[in-house]
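Listed below are the residues making up each chain.
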Amino acid sequence: MQKAPHVTDYLTRHCADDEYGCLRGFEAQGGYRAAHTALREMTPQKILDEVRQAGLQGRGGAGFCAGLKWSFMPAPEQQPSYLVCNADESEPGSFKDRLLLERAPHQLLEGILLAARAIGAQKSFIYIRGEYAEAARVMQRAVDEAHAKGYLGDDVMGSGFSHDVVVVRGAGSYICGEETALLESLEGKRGHPRVKPPFPAQRGAFDRPSTVNNVETLCHVPHIIGRGAAWFRSTGTEKSPGTTLFGVSGHVVRPGLFELPLGTPLDEIIFEHAGGVADGRKVKGVIPGGLSMPILPAGELDVAMANEFLQEKGSALGTGGIIVMDDRTCMVRTACVISEFYRAESCGQCGPCREGTAWINDIVTRVERGTGTAEDLELLVDICDGMEGQTICAFADAAAWPVRALLKHFYADFERHVREGVCSFSGSFQL
Amino acid sequence: MVISKAIRDQIEAENANYPRARGGLLAALHRVQREYGAITPEHATALAPIFDMTAVEVLAVVSFYDMLSSQPAGRHQVRVCTNLSCSLAGAREFLREIENHLGITRGETSADGRITLGHEACLGACANAPMMRVDDRYYEDLDTESARQVLDALD
Amino acid sequence: MATAAGVACEAEIVRITVDGLEYRLHAGPSLLAALDQIGVLMGEVDIPHYCWHAKLSSDGSCRLCQVEIDGQTGLQTACNTPVRDGMIVHTRSEAVVRARQTVLEFLMLNHPLDCPVCDQAGECKLQDYAWRYGAPNSRSREPRRKLEKRIDLGPGVVLDRERCILCRRCVRFCREIPRTGELAVFGRGDRSVIGLFPGVQLDNAYSMNVVDLCPVGALTSRDFRCKARAWQLESVEGVCGGCARGCNIWLDVAKGEVQRYRPRRNDAVNDTWMCDAGRLSYAEIARSDRLDKAWIRNQESVLEPVSVASAISEAARMLAGLVAEKGAGVIAGIASPHATNEDLFAFKRLLDEIGTENSGLAVPHGEADELLICAEKAANATGARAIGFEDARSLLERIRGGGVDGIVILGHDILTAGYLDDETLLGKIDSVILIDTHQSSLMRVAQVVLPARHLAEKAGTLTNCDRRVQRVRPALAADSELLTEGEIVHRLALALGLNGFEAGYDLPRVSRSLAAAVPPFAGITIESLPSDGAQLVSDGGEKGAVR
Ligand SMILES: Cc1cc2nc3c(=O)[nH]c(=O)nc-3n(C[C@H](O)[C@H](O)[C@H](O)COP(=O)(O)O)c2cc1C
Ligand code: SF4
Ligand code: SF4
Ligand code: FES
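One numbering rule holds for all chains: residues counted from 1, following each sequence as written. Written order decides the labels, with chains lettered from A and ligands numbered from 1. Residue-level local features of this predicted model are given only where pLDDT is at least 70; pairs of side-chain atoms are given and counted only at 80 or more, and the full residue set underlies all totals for whole chains, interfaces and linings. Excluded from the side-chain calculations are hydrogens and water; all other atoms, namely the structure's heavy atoms, are used.

Asker: Just to check I follow, could you spell out the site of ligand 2 for this structure?
Answerer: Around ligand 2, 13 residues are found, and the nearest of them are Cys347(A), Cys350(A), Cys353(A), Cys393(A) and Phe395(A). Side-chain classes follow a simple rule in which Ala, Val, Leu, Ile, Met, Phe, Trp, Tyr, Cys and Pro form the nonpolar group, Asp, Glu, Lys and Arg form the charged group, and the remainder, Gly included, forms the polar group. Taken together, the residues of the shell around ligand 2 break down into nine nonpolar, four polar and no charged. For this purpose, a residue is taken to be near a molecule or strand whenever a single non-hydrogen atom of the residue falls within 4 Å of it.

Printed below as a string of structure tokens:
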């Protein structure tokens, strides 16, 4: 069972409380109140407008405005249409959705009800990564409870709105977090991302209009509907309102989850909330938003954790998974671990991604072992160029960015490997 | 019957949740694997008509997903996360010690057929490394000693 | 073309610019498909592609077909970008050139450098594109991936996994065309491979099309293996004689022999496919039972070889004798559905000028399917019927009644199911003159046997099941003793002194007479026939071939 966050706010305030996982405990904390009111008193358009005004950004990695995405759905006459909750959380360094699924399942269900109402979907699928067996069990129990209570099924809460939720388990594949690969997987296929257009709102799950939203994105919705867009905008930044769950891992004293306003400075998260670097060491680099996001060197940690600021530094918020590396860490080994992952997880359909991920991993591994050359390092950059923006989905970009950033900020580490022929970073993790 | 009536009934009940039966495929594959240890070509042949697919497609799907296998493996699947966060917390050294303890390397199954060991992409337990997944359960904040105890207790 | 139909769908026609040239094409389909429809793709407009294929669903994974489109950021894949009016496309910009080089470099990374022993060499799109668009040298120092080099997928096709670039054309083909779906991609990422279900073979009626589809040498024909190098082959346009579909083919010739048939695209007939049986039927051309000389039955009732000229004189002598003695009504002719329209027209005229109405047509039948394979196992039954040959069964009745004393038989199809079980009945006829490409038991009852050219050795036209007239050209030079059925009957007519047969046999003239004399053929002559054929003018009162 996932541990409760070290710092909490509205999303996670009650996550330490076991009762909160049950319908009764959830309602005792005010849960489902927003749904009760909204389903009966607000039109779908009103719900959508509220979320749009709140400026809620998707928390799945791309940061796309949720209300805007919902507005792409065709008029409700085009039934059936679906809401798909992306609970595939597989971005290395991310573990926030797991908490929300395991410790606050009804909060997600309430968010799903509201979102589904707004877009006119009568069925939702929660696609949970296969390894999250516990989360799937908890969610299924919550769905059953909600059904029994009339919060799902026909005529939800007497509102006339009907909705069903199906809990689906993935089977072990990172790419199935990419929304169109997820849709393929949901349809019982190999998780090959689809060529877009058509976008999911035009043709999504089972060829029907669909919206895909991340778990956390949907969890914010009841709070927005319950307290209003203006309240939501009172935290976070102008462009990135609300809180988010930062997951901090790696070389920190207090790894874990921290629910903090978007825009919280990275150094504050690392040094205040997560207790700083363990063993009194210094930071060497930090990946700010899950493995796919470009690393920031130690000198750039004074950045506010929101896309508009991170992008200026050449990185992005991603999933908010912060990976801290101390000054013993060998960045060539880091590149090995990262490239090994992308090689393993590429779905394999696009030539540049399938071959590029493997090639990068081969070269980086060779450089790590000491048989790399200076040309290899140049070649790595060229390979990244050849992958970025050239493929069906953003996986290839996600595979290239971290390598490019490691080379950019820690070229010296790579040169040292090339020059010395061995890893001379004593104290770095082993491969 | 390669797939029992009971399992087949469960599969068909699950399929009703989806606009097309095939939506229930992954659930069915999980079920068959749990029940029979693997999704063999015979299982694929039995499943294919239920999902309006060809048997080769079923196996192609199986081959895409890490948690599914067409080859029988050990009774327990043990996976150690070795992604970056865990590696920074010593997961690779940890995995090596587990390998020594079990006398097998990643990808192998112990001689008694008890355990298949592997390493895996991030499992979403980055703040609680080292960690391992044993079948459907997570064990977090491990050290070699506590991991040994978990492994030795497996039947 | 400003045809009535063209005007009718004017609304859907859009104008786009590609590299400064304007094209008018249909809106809707992808840029590649639209350019392909107007026939400029890979001609005037050069957009290399691997995974896209005109007759398969689009895939979009190879990433080679990227082009630059004004107003859009980044490059777009031409295979799934819909055509819009006013679109301005660049296929030669620096960004496009660079993208192609990188994509090709990626795909070449693990490709074995075994072109010298690869059957695809010379017609390999990897070799071709790498040379045309690629970076000069691979910068990879990594060892190439080692995979199975020879997997027998089925009776016709061999897979080399190292050469595969995972374009999935073969997978889509099996799912979408024969709908047998034998192939699939297994594994993920750089472990992806093409494979079959354990114990199942790639064995459907169209399996060998994957060999043509495969842009590289990963799928090769077991039959063609190591037979010839692509650059030694000369390709001649032809039509398969295997069934009434008349699939358009290339006859690939080397060392004076046809080495293989390959489908030739004709969207009105066979798209880009042909069946395996038809594909392998080239072997009949040089089979050991080919008739290569003329025979006459001698005093001892034994067939002895003679020159074609003497065989024709002998045949003429026999026929003339019978006509003089018993009248033209005792003469009959059996037409071959394998012969060309021109051969058959000449034959029809021979019979008409002799003055007999005894004629018939025997068509072998077999299995048919929904795709291409027709029940009529000959290429020109429809043409034969259009020219006026009717089913041979009533003629056989007349023969049984003893009313026929001399017969000219083209081919041996009369021996197939539904007609005759064996040659016994024909043995009762005094003078049997056989004109055929291959030996058969009819030779036992023949007085004169004349060898004829195979479709691969002659020019002419054939009429397929959908009444489409298509042209064949000689792929092989036949020796002077081997004539077409048309020329043989023409010489026979001359020897008989019949009316209206001019001295030399001239195929274009025969073709023009056919067009003039047989209404459905009006306007269709061998010289004016487009390479994708033309439809017979009207129904002409007879029924088309059964599918
Ligand atoms: C390679 C890749 C992996 C992804 N993995 C996830 C994931 O595990 N969970 C998730 O919510 N979004 C993931 N995404 C983002 C989704 O494609 C999609 O943008 C998101 O689910 C939309 O939800 P949101 O708008 O609520 O953020 C991934 C994207 C890519 C390109
Ligand atoms: S970019 Fe990579 S992961 Fe995405 S579709 Fe292409 S091959 Fe698959
Ligand atoms: S075998 Fe040929 S056609 Fe099939 S995927 Fe590989 S390269 Fe493409
Ligand atoms: S032809 Fe367009 S991506 Fe392959």
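Asker: Would you take a moment to explain the site of ligand 3 for this structure?
Answerer: Around ligand 3, the neighbouring residues are Cys164(C), Ile165(C), Leu166(C), Cys167(C), Arg168(C), Cys170(C), Ile194(C), Cys214(C), Pro215(C), Val216(C), Ala218(C) and Leu219(C). Class assignment of the residues belonging to the shell around ligand 3 gives a composition of eleven nonpolar, no polar and one charged.

Asker: When you look at the interface of chain A and chain B in this model, what are you seeing that I'm missing?
Answerer: How big an interface is tends to be stated in terms of the accessible area lost upon association of its parts. Throughout, a residue-residue contact means that at least one pair of heavy atoms, one from each residue, lies within 4.5 Å. Every contact between the two is made by 62 residues of chain A and, on the other side, 43 residues of chain B. Two parts placed together each lose some accessible area; with a 1.4 Å probe, that loss summed over both constitutes the buried area. Surface buried jointly by chain A and chain B totals about 4,000 Å² across both partners, of which 55% is contributed by carbon and sulfur atoms. The largest share of the area that chain A buries against chain B comes from Glu131(A), Ala171(A) and Arg190(A), three residues that together contribute 15% of it. We count a salt bridge whenever a side-chain nitrogen from Lys or Arg sits within 4 Å of a carboxyl oxygen from Asp or Glu. Where chain A packs against chain B, one counts six salt bridges. Nitrogen and oxygen atoms within 3.5 Å of one another constitute a polar contact, given that in protein one can donate a hydrogen and the other can accept it, and given that sequence-neighbouring residues count only through two side-chain atoms. Connecting chain A to chain B are 20 residue pairs in polar contact (both at pLDDT 80 or more). Only strand 2 (123–128), helix 7 (133–148), strand 3 (164–169), helix 8 (179–186), strand 5 (243–250), strand 9 (321–326) and helix 13 (331–345) of chain A provide two or more residues apiece to the side of chain A that touches chain B. In DSSP terms, a helix is any run of H or I states spanning at least four residues, a strand is any run of E spanning at least two, and both are numbered starting from the N terminus. Considering each element in turn, the side of chain A that touches chain B owes the most residues, six residues, to helix 13 of chain A.

Asker: Could you clarify how one ought to interpret the domain arrangement of chain B in this entry?
Answerer: Entries for chain B in the domain assignment read domain 1 (5–64) and domain 2 (76–152). Domain start and stop positions are those given by an automatic or database domain assignment. Each of domain 1 of chain B and domain 2 of chain B has a C-alpha centre, and the two are 29 Å apart.

Asker: Would you explain the pairing of strand 1 (residues 76–81) of chain B in this entry?
Answerer: Along a regular strand, successive side chains alternate from one face of the sheet to the other. Residue and element names in this part refer to chain B. Under the scheme applied here, a residue whose accessible area is under 20% of the maximum for its type counts as buried, over 50% as exposed, and between as partly exposed, the area being computed with a 1.4 Å probe on protein chains only. Most of strand 1 sits out of view: five of its six residues are buried. In terms of strand pairing, strand 1 meets strand 2 (residues 115–120) through six bridges, oriented parallel. By the bridge assignment for strand 2, Cys81 is matched with Glu120. With three bridges connecting them, strand 1 and strand 3 (residues 132–134) associate as antiparallel partners. Bridged to Val80 within strand 3 is Met132. Following DSSP output, two strands are said to pair if at least two bridges run between them.

Asker: Hey, could you run me through the sheet that holds strand 4 (residues 137–139) of chain B in this one?
Answerer: Strands pair in a sheet through their backbones, by hydrogen bonds, and they do so in one of two ways: parallel or antiparallel. Residues and elements named next belong to chain B. With respect to topology, four strands assemble into an open sheet ordered 2-1-3-4, the strand pairing being mixed. Either end of the sheet is taken by a strand with one partner, and the two such strands are strand 2 and strand 4. Adjacent strand axes in the sheet meet at a mean angle of 25° when their direction is disregarded. Of the pairings in the sheet, the one linking strand 3 to strand 4 comprises three bridges and is antiparallel in character. When the sheet's bridge partners are listed, Arg133 is paired in strand 4 with Tyr138. To obtain an axis, a line is fitted to C-alpha atoms, over the contacting stretch when the element is a helix, and the angle between two such axes runs from 0 to 180 degrees between their N-to-C directions. Its contacts with the sheet place helix 7 (residues 144–152) against strand 1, strand 2, strand 3 and strand 4, and it is angled at close to 10° to strand 3.

Asker: Teacher, can you tell me more about the layout of surface pockets here?
Answerer: Which parts of space are left empty comes out when a probe the size of a water molecule is rolled across the atoms. Each pocket or cavity is described by its volume, and for the second largest pocket that value is around 1,400 Å³. The distinction between a cavity and a pocket rests on a 1 Å grid over the protein atoms alone: a 1.4 Å probe fits inside a cavity but cannot get out, while a pocket stays open yet meets protein on both sides within 12 Å along at least five of seven lines, and a residue with an atom within 4 Å of a point counts as lining. Lining the second largest pocket are 43 residues, with Asp66(B), Met67(B), Leu68(B), Arg79(B) and Glu120(B) positioned closest to its centre. Within the residue set of the lining of the second largest pocket, elements represented by two or more residues are helix 13 of chain A together with helix 2 (25–36), helix 4 (55–64), strand 1 and strand 2 of chain B. Here the residues of the lining of the second largest pocket sort into twelve nonpolar, 16 polar and 15 charged. Grid points are joined across faces, edges and corners, and a volume is the space filled by probe spheres set on the points.

Asker: Would you mind going over the environment of Phe26(A) with me for this structure?
Answerer: All names here are of chain A. Turning to its location among the elements, Phe26 is positioned in helix 1 (residues 23–28). Residues Phe26 and Gln107 lie 81 residues apart in sequence; the distance between their C-alpha atoms is 7.7 Å. Leave out the neighbours within four places in its chain, and Phe26 touches Glu19, Tyr20, Gly31, Tyr32, His106, Gln107 and Glu110.

Asker: Help me understand the sheet that holds strand 17 (residues 358–361) of chain C in this model?
Answerer: Residues and elements named next belong to chain C. Taken in spatial order, the seven strands of this open sheet run 15-14-20-19-18-16-17, and their pairing is mixed. In this open sheet, the two strands that pair with only one neighbour each are strand 15 (303–306) and strand 17. Strand-to-strand twist across the sheet, computed as the mean angle between neighbouring axes with direction ignored, equals 15°. Each of strand 14 (294–297), strand 15, strand 16 (331–335), strand 18 (406–410), strand 19 (431–436) and strand 20 (448–451) touches helix 8 (residues 308–326); the most contacted strand, strand 20, lies at about 135° to it. Contacts from helix 9 (residues 341–354) reach strand 16, strand 17 and strand 18, with the element oriented near 170° to strand 16.

Asker: When you look at the confidence of the model for chain B in this model, what are you seeing that I'm missing?
Answerer: As a note on interpretation, predicted positions should not be read in detail where pLDDT is low. A residue's pLDDT is simply how confident the predictor is in it, with values from 0 to 100. In this model, chain B carries a mean pLDDT of 96, and residues with pLDDT of at least 70 account for 100%. Across the assembled chains, the prediction reports ipTM 0.97 with pTM 0.94.

Asker: Would you mind showing me how to read helix 11 (residues 266–273) of chain A here?
Answerer: Every α-helical turn comprises 3.6 residues, leaving residues that sit three or four positions apart pointing alike. All names here are of chain A. What helix 11 keeps buried is the set Leu266, Ile269, Ile270 and His273. Mapping the buried residues of helix 11 onto a view down its axis gives an arc of 120°, with all of them on the same face. A positive phi of about 80° marks Gly275, the residue just after helix 11. The directions from the helix axis to the C-beta atoms form the arc being described.

Asker: Just checking my understanding: could you explain the nonpolar core for this structure?
Answerer: Nonpolar side chains tend to gather and get buried jointly when the protein is soluble and globular. To define a nonpolar core, start from buried Ala, Val, Leu, Ile, Met, Phe, Trp, Tyr and Cys residues and group those joined through side-chain atoms within 4.5 Å. Membership of the largest hydrophobic core comes to 96 residues, with the highest contact counts inside it found for Leu186(A), Tyr342(A), Leu29(B), Leu47(B), Tyr65(B) and Leu84(B). Sort the elements by how many residues they give to this core and helix 16 (residues 395–409) of chain A lands first, with nine residues. Leave out the neighbours within four places in its chain, and Leu29(B) touches Ile39(B), Leu47(B), Val58(B), Val61(B), Val62(B) and Leu68(B). Core analysis: the next-biggest nonpolar cluster, separate from the first, contains 81 residues, Ile331(C), Ile354(C), Leu498(C) and Val518(C) among them.

Asker: Explain empty space enclosed by the protein here, please?
Answerer: Residues and elements named next belong to chain C. The tally for this structure, following the rule as stated, stands at ten cavities of 30 Å³ or more. Here the largest cavity is characterised by a volume of approximately 100 Å³. Lining of the largest cavity is provided by Asn110, Arg145, Leu147, Arg161, Glu162, Cys164, Leu166, Asp190, Ser192, Val193 and Ile194. Looking at side-chain class alone, the lining of the largest cavity contains five nonpolar, two polar and four charged residues.

Asker: Can you help me understand the packing of aromatic side chains in this one?
Answerer: Aromatic rings considered in pairs are described by the distance between their centres and by the relative angle of their planes. By convention, a stacked pair of Phe, Tyr or Trp rings (six-membered ring in the case of Trp) has centres within 6.5 Å and planes under 30 degrees apart, an edge-to-face pair has planes over 60 apart, and any other such pair is tilted. Per the stated rule, a full pass over the model turns up 25 aromatic pairs over all chains. Here Tyr174(A) and Tyr342(A) contribute two aromatic rings whose centre-to-centre distance is 6.3 Å and whose plane-to-plane angle is 75°, an arrangement assigned as edge-to-face. Placement of the pair is Tyr174(A) in the loop between strand 3 and helix 8 and Tyr342(A) in helix 13, with a sequence separation of 168 residues. A single burial state applies to Tyr174(A) and to Tyr342(A), both of which are buried. An aromatic cluster of at least three residues, connected via ring pairs, comprises Tyr20(A), Phe26(A), Tyr32(A) and Tyr151(A). Only Lys NZ and Arg CZ are tested; either one counts as a charge over a ring when it is within 6 Å of the ring centre and within 35 degrees of the ring normal. Its end group placed over the ring of Phe425(A), Arg416(A) keeps NZ or CZ at 4.1 Å from the ring centre. Lying across the ring of Tyr419(C), Arg393(C) places its NZ or CZ 4.6 Å from the centre.

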